[in-house]
Amino acid sequence: MKGTNKYVYIVLEEYNNDGDIQCNVLGAYTDMDKAQKKMDEQLENYKSFGVFEESDFDLMSRDADSLYVYAECDDYYGKIDIIKQEIE
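All figures in this text were calculated on a predicted structure; none of them were measured in a lab.

Enquirer: Looking at this structure, how should I read the nonpolar core?
Expert: Soluble globular proteins tend to pack their nonpolar side chains together in the buried interior. Among the nonpolar cores identified, the biggest contains 16 residues, and Tyr46, Phe52, Leu67 and Ile80 are the most heavily contacted of them. Those elements that place two or more of their residues in this core are strand S1 (6–17), helix H1 (32–48), strand S4 (66–70) and strand S5 (77–87). Element by element, the count of residues in this core is highest for H1, at 4 residues. Among all residues touching Phe52, those that are not within four sequence positions of it are Tyr15, Tyr46, Phe57, Val69, Tyr70, Ala71, Tyr76, Tyr77 and Gly78.

Enquirer: Quick question: what am I supposed to make of the confidence of the model for the chain here?
Expert: One rule of thumb: low pLDDT means the predicted coordinates there are not for detailed reading. The predicted model of the chain averages 90 in pLDDT, with 94% of residues at 70 or higher. Across the chain, the secondary-structure element scoring lowest on mean pLDDT is helix H2 (residues 54–58), at 84, and the one scoring highest is strand S2 (residues 20–29), at 96.

Enquirer: How do you make sense of the pairing of S4 when you look at a structure like this?
Expert: If a strand is regular, its side chains alternate between the two faces of the sheet. Bridge analysis of strand S3 (residues 61–63) against S4 gives 3 bridges, and the strand direction is antiparallel. Paired with Arg62 across the bridge in S4 is Leu67. In sequence, S3 turns back onto S4 through a hairpin of 2 residues. Direction of pairing for S4 relative to S5: antiparallel, over a ladder of 5 bridges. Following the sheet pairing, Tyr70 is matched in S5 by Tyr77.

About the cut-offs
Residues numbered from 1 in each chain as written. Predicted model: local features only at pLDDT ≥ 70, side-chain atom pairs only at ≥ 80, totals over all residues. Heavy atoms only, no water. Core = buried A, V, L, I, M, F, W, Y, C linked by side-chain atoms within 4.5 Å. Buried < 20%, exposed > 50% of the residue type's maximum accessible area, 1.4 Å probe, protein only. Helix = DSSP H or I, 4+ residues; strand = E, 2+ residues; numbered from the N terminus. Contact = heavy atoms within 4.5 Å. pLDDT = per-residue confidence, 0-100. Pairing = 2+ DSSP bridges.

See below:
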């Protein structure tokens, strides 16, 4: 169908593991709800790492298409962005 815009939502992660920065594509989804669900799952995964204190999650910034959490007393952080990309 010509003229119909379609989008994919790419979930990108940057994670600093004590100075070792890792970048990952966590997934690509056809709708924003699925991408946000993946972002929520990764936040729960961060909580299981044992790196962050519970208070670090109070310091996190978050909106509909991004998340950033960091350990206040260390250099650990997790950054997730949802990128909306038009496809043909």
